[in-house]
There are 2 protein chains.
Amino acid sequence: MLAINEDRMLADLRALAEFGRVGTGVNRPAFSDADIDARRWLMAQMLSAGLETVIDGIGNVYGRSPDVTQSILLGSHSDSVPNGGWLDGALGVIYALEIARAARGMPGAIGIDVVSFADEEGTWLPCLGSRVFSGQADESTLRDVNAKSGARLVDRLTALELRDRPLARFDPDRHRAYLEAHIEQGPRLANGGIDVGVVTAIVGLRRHIVHFRGRADHAGTTPMSMRRDAAFAMFNFAIALAEVLRAAGGPESVWNFGIVAVRPGAGNVVPAEADLTVEFRDAAADVIERMQASFHAAVRAADGRFDVAVSSVPNATLEPAAMDSGLMDDLAAAAADVGASAVRMPSGAGHDAMILAPRIPAAMMFVPSIDGRSHDISENTSEADIRRGLRVFAGAISRALARLNDAGAPQPPHSLRKKEPAA
Amino acid sequence: MLAINEDRMLADLRALAEFGRVGTGVNRPAFSDADIDARRWLMAQMLSAGLETVIDGIGNVYGRSPDVTQSILLGSHSDSVPNGGWLDGALGVIYALEIARAARGMPGAIGIDVVSFADEEGTWLPCLGSRVFSGQADESTLRDVNAKSGARLVDRLTALELRDRPLARFDPDRHRAYLEAHIEQGPRLANGGIDVGVVTAIVGLRRHIVHFRGRADHAGTTPMSMRRDAAFAMFNFAIALAEVLRAAGGPESVWNFGIVAVRPGAGNVVPAEADLTVEFRDAAADVIERMQASFHAAVRAADGRFDVAVSSVPNATLEPAAMDSGLMDDLAAAAADVGASAVRMPSGAGHDAMILAPRIPAAMMFVPSIDGRSHDISENTSEADIRRGLRVFAGAISRALARLNDAGAPQPPHSLRKKEPAA
């Protein structure tokens, strides 16, 4: 059993929340001064925990367990959205730090490595740090990355004296598994009174921008029958699409029409153009493909209705990422060990674990978010839930370490294993 | 019969279009340099036509027929929307100028006065010039008028050396009628192959901003059943409201949902708030009141649906303005005199005539707008339609002059007459 110290973990979590503090939340967008200061503080804690620690060329803080050739990698991210919550990402990083401290000097061939990935929140590029770590973003990708402000990523990395540092990289011979604890960022656990969530998969996503082109007319002088109202066509499309996605999706599918633009946008002018940003998510690849086909059929059916042309362009695609069943079982068993209630559930939000999952057995544990709030300074989790989450997570790591030590040599990378028949 | 000169009228119309010219249109927002230059040019033309001409303290250019104690007032406006059409307003002003020239020295007690009202288009305040002329906007109103840019009207008037000039005012003892020619700004005449429109009324308008308040949630992690999606509530409301207004309105009622705002406006955030600008118009006061009652019932019915709060605030109100039946008959007879086809129709757009109508018998004549276009540099009317319009309009003035000369002394103001039983 790992000798974790809950009070020490809480003190570290609160110390980290001082960097970029805004009321009850934090403002630590990736590569802001507050984010970098927090990363330097994290390095110091990880060094004190006996880890060989670096901040690498993309800003990942990586602490390597000495004297072992294999490890379980634990972590999350310490950047935040603008004026975000104090636990989003930070919780998983500090749990990882505490478990690494507790595991120090522990017998066995497998150690604990800790990582705080850079820019999970996508100030520059979503999951930037974990993409670079796992080899899914290379130098040429990075050259084209700009913030919304127009600033170039490579310039910012240079200014921070990061650009010339070596990169920490995923090592299939060393890294046996990746586990990430995180706040739920949704209402299920809190509403259901459940202590922890065992994540089954991180949902895939399709995002499209649907464009409606009608004609601007004087809204006083143009008879209703002669109009080509792009906004009215959009209203009808949105309502029809909701039904189409409900029919095509599964019971846990979600969709959102989050960005709406109407032009020219005057009270007395019939809308000439409208744009609707549509996204939908599901944990199952076949379900998301069915929703995608239904979406395209709905666009074709709407095109020309109300004398308005309708078309769409894809805006984002994420494939669902399944979590490792052995690690899921470790989490569920660890919850039972400490008398915590647990539920298996998909993650509707993206996380670094979805980037690692194709390379390495990965898993996530959720703790409840009060009122389901996140990405806001009002985000919070009760102290009891934060303490209990650490006990469950540490228990799962103990179980995973025991299981992997028993299994001996590392297996081939996860992505290869899935494609090969069982030996 | 008035000895009008169509070529001279066309030359003046084209000369006026040089002020603020932008391609085939003009950019003459009220009190821009181009607007003021155009007004100084107009003054010179009106002086040459023998009118006693001033530019007054609000920028109205007013030319008074000398040697008569009564007049028919003819005019429109010479300001434009930003990058608007060359005929919107200008047509009515130049028709008036040509008819005043033709009427010079004509026998009879009633002369022709000409006006180009300031800021009909509402760069500062819609129908600003005609409101001041008719006594519906006073000094205290003007002090609070600012442009969208934040500039204060009184400062601009001072800079243009207009502020200390006397105001031209409606005179119930002098002004017997107001007639305004204008482009239709809609598609009815052009689509129907009809030469002129005899305006029966200028429609009334109600405008409301409908506000939807739901809750922002993560669009990946919040189950569909737990959402309070303000945009989706708005989509449903708009479609239901269109049916409600169709049922409550008359065959010529129109409505528009021209401004749509959704916040926070992110692909992965459930919309927390939405605003919809709703306006509806009809020429009949009872119809517009019925639509108004139905609108409020629709807001009440929507409030709370989808767990979204719905409320509305009124944003603008215009009462319908009936045109004078005698002048309408003059216009219809004049059309028949020259073999022009005519239709009686409401004006869906606002005009200075609606400001004058409560004070004085008023009428409007429309010429066709190609493709119904207006408020754009593509606005145009065929030369044949412009020439024919002048013939019809001049014929109607001849008829009105004869009728009013026969009737003798002026009647009480229109607004008073309507309230008194016939003598």
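Residues numbered from 1 in each chain as written. Chains lettered and ligands numbered in written order. Predicted model: local features only at pLDDT ≥ 70, side-chain atom pairs only at ≥ 80, totals over all residues. Heavy atoms only, no water.

Description of helix α9 (residues 285–302) of chain B
Residues and elements named next belong to chain B. End to end, α9 covers 26 Å across 18 residues, agreeing with the expected 26 Å (1.5 Å per residue, within 8%). Every buried residue belonging to α9 is among Val 287, Ile 288, Met 291, Gln 292, Ser 294, Phe 295, Ala 298, Val 299 and Ala 302, and all of these are buried. On its buried face, α9 is in contact with β9 (204–213), α8 (230–248), β10 (254–263), β11 (273–282) and β12 (309–318). In the segment just after α9, Gly 304 is the residue with positive phi, at about 95°. (Helix = DSSP H or I, 4+ residues; strand = E, 2+ residues; numbered from the N terminus. Expected span 1.5 Å × (residues − 1). Buried < 20%, exposed > 50% of the residue type's maximum accessible area, 1.4 Å probe, protein only. Contact = heavy atoms within 4.5 Å.)

Some points on the relation of the copies chain B and chain A
When chain B is fitted to chain A, the best match, at an RMSD of 0.1 Å, comes from turning it 180° and sliding it 0.1 Å along the axis. Read as a symmetry element, the transformation amounts to a two-fold axis. No C-alpha of chain B approaches the rotation axis more nearly than that of Phe 235 of chain B, which lies at 2.4 Å. (Least-squares fit on C-alpha atoms with pLDDT ≥ 70 in both.)

Concerning the environment of His 77 of chain A
All names here are of chain A. Mapped onto the elements, His 77 comes out in strand β5 (residues 70–77). Given the relative accessible area of 0%, His 77 is considered buried. In this structure the C-alpha to C-alpha distance between His 77 and Ala 90, which are 13 residues apart in sequence, comes to 6.2 Å. Dropping the residues within four chain positions of it, His 77 is found in contact with Asp 88, Gly 89, Ala 90, Val 93, Ser 116, Phe 117, Glu 120, Glu 121, His 182 and Asp 352.

Things to note about the pairing of strand β7 (residues 175–183) of chain B
Looking along a regular strand, one sees side chains alternate from face to face of the sheet. All names here are of chain B. For β7, a buried count of nine out of nine residues is recorded, marking the element as mostly surrounded by other parts of the structure. Looking at chain direction, strand β5 (residues 70–77) and β7 are connected through four bridges and run parallel. Within β7, the position partnered with Ser 71 by the bridge is His 175. In terms of strand pairing, β7 meets strand β15 (residues 362–367) through six bridges, oriented parallel. (Pairing = 2+ DSSP bridges.)

Focus: the pattern of salt bridges
Side-chain pairs of opposite charge can arise where the charged atoms are in close proximity. All names here are of chain A. Counted by the stated rule, this structure contains 64 salt bridges over all chains. Here Glu 252 and Arg 188 are joined by a salt bridge, their closest N and O atoms 2.8 Å apart. Taken together, the residues span a long stretch of sequence, with Glu 252 in the loop between α8 (230–248) and β10 (254–263) and Arg 188 in helix α7 (residues 188–192) at a distance of 64 residues. What makes Glu 252 partly exposed here is its relative accessible area of 40%. (Salt bridge = Lys/Arg side-chain N within 4 Å of Asp/Glu carboxyl O.)

Looking at the interface of chain B and chain A
With 51 residues of chain B at the contact, the number on the chain A side is 51 residues. Interface area, chain B with chain A, both sides summed: about 3,900 Å², of which 62% is carbon and sulfur. Area buried by chain B at its contact with chain A is led by Thr 221, Met 224 and Phe 235 of chain B, which between them contribute 15% of it. Linking chain B with chain A are two salt bridges, by the criterion used here. Residue Arg 373 of chain A pairs with Asp 217 of chain B through a salt bridge whose shortest N-O separation is 2.5 Å. Counting the contacts that link chain B with chain A gives twelve residue pairs in polar contact (both at pLDDT 80 or more). Every element with two or more residues in the side of chain B that touches chain A is listed here: α7 (188–192), α8, β10 and β11 of chain B. The element that contributes the greatest number of residues to the side of chain B that touches chain A is β10 of chain B, accounting for eight residues. (Buried area = accessible area lost by both parts, 1.4 Å probe. Polar contact = N/O pair within 3.5 Å; in protein donor to acceptor, adjacent residues only side chain to side chain.)

Topic: the sheet that holds β10 of chain A
All names here are of chain A. As summarised here, the arrangement of the four strands in space is β10-β11-β9-β12, forming an open sheet in which the pairing is antiparallel. Edge positions in the open sheet fall to β10 and β12 (309–318), since each of these has one partner strand only. If you compare each strand with its neighbour and ignore which way they point, the axes differ by 15° on average. Relative to strand β11 (residues 273–282), β10 is paired through nine bridges, and the arrangement is antiparallel. Within β11, the position partnered with Val 260 by the bridge is Leu 276. Contacts between helix α9 (residues 285–302) and the sheet are confined to β9 (204–213), β10, β11 and β12, with β11 contributing the most and set at about 160° to the helix. (Axes fitted to C-alpha atoms, helices over the stretch in contact; angles between N-to-C directions.)

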